[in-house]
Amino acid sequence: MTAIETLKQWFSNLKKPTQEQFWAWLDSFWHKSEKIPMASVEGLDKLVEGTASAEQLSNHLNDTQAHKVLFDKKVDKVEGKGLSANDFTNEYKEKLEGLHQVDISGLLPKGDYTGTAQDLKKQIDYKADKNHKHSWGDIEGKPNFSESIISKKFIKEGSSDEYLLTGGGGQISKADLVSSGMVISGRNYLLNSNRFISSGILVEGFALSEEFKENLLDKKLVTVSCYIEYNNLTAITPKGRLGCELVISFSDNTVLYLGAWKPVTTSDIGKSFSGRLSNVYSIPTDKQITRINFSGLHIQCQATSFKIGQPKVETGNKATDWTPAPEDFDFYKEQVDFSELKTFKNRPAGSWGIRLGGGGGIYVNFPANSSASSLEFFKPNWYPATRIGVRNSVDANRFNEDNGEFRDLAWYNDVIRAGVKCSQNTTLQKDLQNQVVFVTNDCRIELNQIQNMGSVSFRKVFDYGTVTFICTGKNIIYTGDTTFTGKKGSTAVVSICENDCYIDIRNI
């Protein structure tokens, strides 16, 4: 037999095997017509080891005792009985014989239930699940609720607004609650109270709700509170206290002071403090109230820094956290006459309609949060071109430099607008100051409406003819030509200073 590697060399590409090489190739393999000797089959000798010979197999088949042990364990079929695939041992037989009869008369009857015990267990587990929810329609024997319940209002039968329901289902009257010493309101009756000061006094801008004034005697108890903070107290002068105060005057000339004060003494020097302080006061019901006034926030000592503010006036004897008065959210106010804007008043933030002649305008006020001043806007009518007036008010003595008048704000077009034409006799208005007037033909122009320090430029756009300037009540001073009679392109500049009207003409 020739090695396979040698055969591969003989039959590689471009080789021409000889007859001897072809025969050697055929002799190296078994032909299908040839029988392969057992010795030539690798591993066959081990495969047949331990197998029985023909003689041994014949003897086994004829041996009646060959499988005696197994046949001794077989179960013989009994007439009238069938055999089962399950084994039933002596152990199982003893357990079965040990069972006793059980009384099932006390158990629930199965009724018409057709499922298995396992199915029943699953249903019981489902119903017992704490997360399982029953629909209202699934509940039998449920009570019939009134329309109040259906409309999401829970009303106890026989209850009234004079009683409060308790958690155990009982009730307590408001009168008993008051006599027990606990009255809670929470409603802030002091308007525009979300303000702070860091020095001095703030009186302006506060107002008390009309509801508080009208019903104060019915409330009986009033709580006044204020936020107070100071760092490093340095002196207790002038009065050794800081806080806020409400003052009530009565017809018998007596006065009740309701304050939320933080008193300080020399022992507090060098110390700091922060927090809300409150006091509760009883209102005499046998006296007639003539005046109620909130006297403001006060700092009457000295420290490195202060922060006093957010005063609160509420009924009851329980101080609650600061909240704004409901009126503070009522931005839109009533309609008033224009004359109301001529005198100083502490107004809350808001918008008023203004009656003015046959029409009306709008007034908007924004009080400052940390001072007594306010920024006010006024528009006398609804025409888009009408200027918006503005003023800053502090108090009656410092209304502003214009004695309460509003100053007009200029539109953007007022600053960058183009010039105007003049084709007839006219009185030049102040809103044309600092502009160029193009004169198209002969005319007379009155200049006395130009404001002090104001100027106007003129240019003739026609030849010859005369443009006459008049400035009633002022001295006209010509600084060049004395008549405006030049050709097209001639210019004139008019300026007002105090009582003099300067006219600079350049004719061409």
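Structure's up top.
These numbers come from a predicted model, not from an experiment.

S.K.: What is the right way to read the overall build of the protein chain from this model?
M.R.: A count of helical and extended segments in the protein chain gives 11 helices and 27 strands. Taken over 508 residues, the protein chain has a buried fraction of 27%. A separation of at least 24 residues holds for 52% of the contacts in the protein chain among residues at least 6 apart in sequence.

S.K.: Help me understand the side chain of Ser490, please; the structure alone is not making it clear to me.
M.R.: Note on placement: Ser490 falls in the loop between strand 25 (475-478) and strand 26 (491-497). The class for Ser490 is buried, based on a relative accessible area of 0%. Within the local environment of Ser490, its side chain forms a polar contact with the backbone nitrogen of Ile508, the two atoms lying 3.0 Å apart. Beyond its immediate stretch of four places on either side in the chain, Ser490 contacts Phe458, Arg459, Lys460, Phe484, Arg506, Asn507 and Ile508.

S.K.: I tried to follow the side chain of Ser374 on my own but got confused; where do I start?
M.R.: As for its position among the elements, Ser374 is in strand 16 (residues 374-379). If we ignore the near neighbours within four places in the chain, the residues touching Ser374 are Asn365, Phe366, Pro367, Ala368, Arg391, Asn392 and Ser393.

S.K.: Hey, could you run me through the environment of Ile470 in this one?
M.R.: Following the sequence through the fold, Ile470 ends up in strand 24 (residues 467-470). In this structure the C-alpha to C-alpha distance between Ile470 and Thr427, which are 43 residues apart in sequence, comes to 9.1 Å. Beyond its immediate sequence surroundings of up to four residues, Ile470 is in contact with Arg444, Ile445, Glu446, Leu447, Asn448 and Ile476.

S.K.: Looking at this structure, how should I read the sheet that holds strand 22 (residues 443-446)?
M.R.: Two pairing modes exist for strands in a sheet, parallel and antiparallel, and in both the strands are linked by backbone hydrogen bonds. The 3 strands lie next to each other as 20-22-24, forming an open sheet whose pairing is parallel. On the outer flanks of this sheet lie strand 20 (426-427) and strand 24, each paired with one strand and no other. Pairing geometry for strand 20 and strand 22, over 2 bridges, is parallel. Bridge pairing links Thr426 to Ile445 in strand 22.

S.K.: Would you mind showing me how to read helix 10 (residues 210-219) here?
M.R.: Side chains three or four residues apart in an α-helix point the same way, a direct result of the helix having 3.6 residues per turn. Here helix 10 starts with a cap whose side-chain oxygen sits 3.2 Å from the backbone nitrogen of Glu211, and that cap is Ser209. A positive phi of about 70° marks Lys220, the residue just after helix 10.

Criteria and cut-off values
Residues numbered from 1 in each chain as written. Predicted model: local features only at pLDDT ≥ 70, side-chain atom pairs only at ≥ 80, totals over all residues. Heavy atoms only, no water. Helix = DSSP H or I, 4+ residues; strand = E, 2+ residues; numbered from the N terminus. Buried < 20%, exposed > 50% of the residue type's maximum accessible area, 1.4 Å probe, protein only. Contact = heavy atoms within 4.5 Å. Polar contact = N/O pair within 3.5 Å; in protein donor to acceptor, adjacent residues only side chain to side chain. Pairing = 2+ DSSP bridges.

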